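# Close look at the chain arrangement
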Amino acid sequence: MVAVLLSGCASGVNREAAACGWMQKTGDGAAPGQQGHTVILVDVSSSVRGSTSASVGVDQTSAVKRQIPRWLDGVGTVSVATFGGGAHDVRWTATDWAARPGSGGNSENRRRRSGSVPGCVAQAVARAQSMVPARGGSDVLGAVREAGTVLADSKGIRRLVVLSDGLSTTGCADLRDAAFEEDLETDGIVQNCSEDKEVTSRTLDSVQTVFAGLGQTASAEPQASPAQEAWLDGLWQRLCAAAHPKPAEPADCAVTDVAATRSQSGKSSPRRPGDPVVEFPERTWKQAGARALFDENSSVLRSDALPRLAKIAVQVRDLNGVRVRVLGYVDPRGGSANNRTLSQARADAVKHELERLGVRDVTAVGKGVPEGCPGAVDSLGLEQKLQCDRRVDIAVVR
């Protein structure tokens, strides 16, 4: 329906003005935002809209059209803005539009106008998506702060909807080097943003905030796994909570499971400014210690290792277009020939178990003694070092 709507919009500005022009006047003589206000932010950075001729951008219009009744519930004003890589690179395609018809006129006109709201807002979002940002990058927090300032003057329900993949590349939430795995990393980002005052406990005071499209990027851009999307969900909920007075209410920060679609036209959007790329690193499970999966000097999987491998297999099976490498390691106490044989046998045992559990495209490599312990600190004790050495890594490679 949105494709028809947008093609109809393209056939003439007058038709759109007739259907949506009334929204540019606040009903019943009330000042904009005094009967509740919803602001919709649209990310137009290259990771969302596409940076090359081969990349087809994400289209949010159908998701918006379905969700508008919920997002405008109880509010009388709606605004739509785009954002890119600068804190002030926020441009409005709909400013202080009426979200519901006034009480004047006949009932049929009010019914018709009320029914046109989702399509009109979807058109404003579509126009926003076609805009090219002035600067490369993505400053999600900068746009959120500006929207918070706009909503601060509103009365009644204040609501912010952020249509973004969540891949910030500027400021305190720069994710270009993120691992997308650990809660400790989320803690560090939130703390850093709070210390830099890019997020304060008043940024979104009394603002109901919804994030949609996290982790959903244009077709030729790096693609997030479900686990990485879940990590992004948690990060933005935490940043959102930090932007509310403590304690934040459960309804203050929400992430929707609304899936964006590819561009309705199947064509890439206009070329955009150079954008720093956020790569999604491969996922690696490290099973360390001689007794983690195997008894010492054994390549037979321990019975208590099987549930752990089953959990990993379930997560890997949910990923598309990946292959799995199982890397076996041993500590340096054995002879070189035994080290190679044992590490390969352990890798093979894990490979066979993953394949038995339905994982495809698995290779096993015995690496022998590893070169260093990933993430180790200088104070690592001898036994800790040995445990890290005798491990099996299960790496998902895209």
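Anyway, here's the lowdown on the structure attached to this text. All values derive from a computational prediction rather than experimental measurement. (Residues numbered from 1 in each chain as written. Predicted model: local features only at pLDDT ≥ 70, side-chain atom pairs only at ≥ 80, totals over all residues. Heavy atoms only, no water.)

### Things to note about empty space enclosed by the protein
Taken as a whole, this structure holds 4 cavities of 30 Å³ or more when the rule is applied. Along the walls of the largest cavity sit Leu141, Val144, Arg145, Glu198, Val199, Thr203, Leu204, Phe211, Trp236, Leu239, Cys240 and Ala243, which together make up its complete lining. Those elements that place two or more of their residues in the lining of the largest cavity are helix H6 (140-152) and helix H8 (226-242). Broken down by class, the residue content of the lining of the largest cavity amounts to 9 nonpolar, 1 polar and 2 charged. Volume-wise, the second largest cavity comes out at about 50 Å³. Around the second largest cavity, the lining is made up of 10 residues, and of these Gln287, Gly289, Phe294, Arg390 and Val392 lie nearest the centre. (1 Å grid on protein atoms, 1.4 Å probe; cavity = no way out; pocket = protein on both sides within 12 Å on 5 of 7 lines; lining within 4 Å. Points joined across faces, edges and corners; volume = space filled by probe spheres on them. Helix = DSSP H or I, 4+ residues; strand = E, 2+ residues; numbered from the N terminus. Nonpolar A, V, L, I, M, F, W, Y, C, P; charged D, E, K, R; others polar.)

### Focus: helix H7 (residues 183-195)
Given a rise of 1.5 Å per residue, 13 residues ought to cover 18 Å, and the 18 Å separating the end C-alpha atoms of H7 matches this to within 8%. Of the positions making up H7, those classed as buried are Thr186, Ile189, Val190 and Cys193. Down the axis of H7, the buried side of the element spans an arc of 95 degrees, and every buried residue falls inside it. Across H7 from its buried face, at more than 90 degrees, point the exposed residues Leu184 and Glu195. Packed against the buried residues of H7 are H6 and H8. Two residues or fewer past H7, Lys197 is found with a positive phi of approximately 65 degrees. (Expected span 1.5 Å × (residues − 1). Buried < 20%, exposed > 50% of the residue type's maximum accessible area, 1.4 Å probe, protein only. Arc of directions from axis to C-beta. Contact = heavy atoms within 4.5 Å.)

### Considerations on the sheet that holds strand E9 (residues 283-287)
Pairing within the open sheet is mixed, and its 4 strands lie in the order E9-E12-E10-E11. Looking at which strands have only one partner, the edges of the open sheet turn out to be E9 and strand E11 (362-368). Strand-to-strand twist in this sheet, taken as the mean axis angle between neighbours without regard to direction, amounts to 15 degrees. Both E9 and strand E12 (residues 392-397) contribute to a ladder of 5 bridges, which runs antiparallel. Across the sheet, Trp285 pairs through a bridge with Ile394, a residue of E12. (Pairing = 2+ DSSP bridges. Axes fitted to C-alpha atoms, helices over the stretch in contact; angles between N-to-C directions.)

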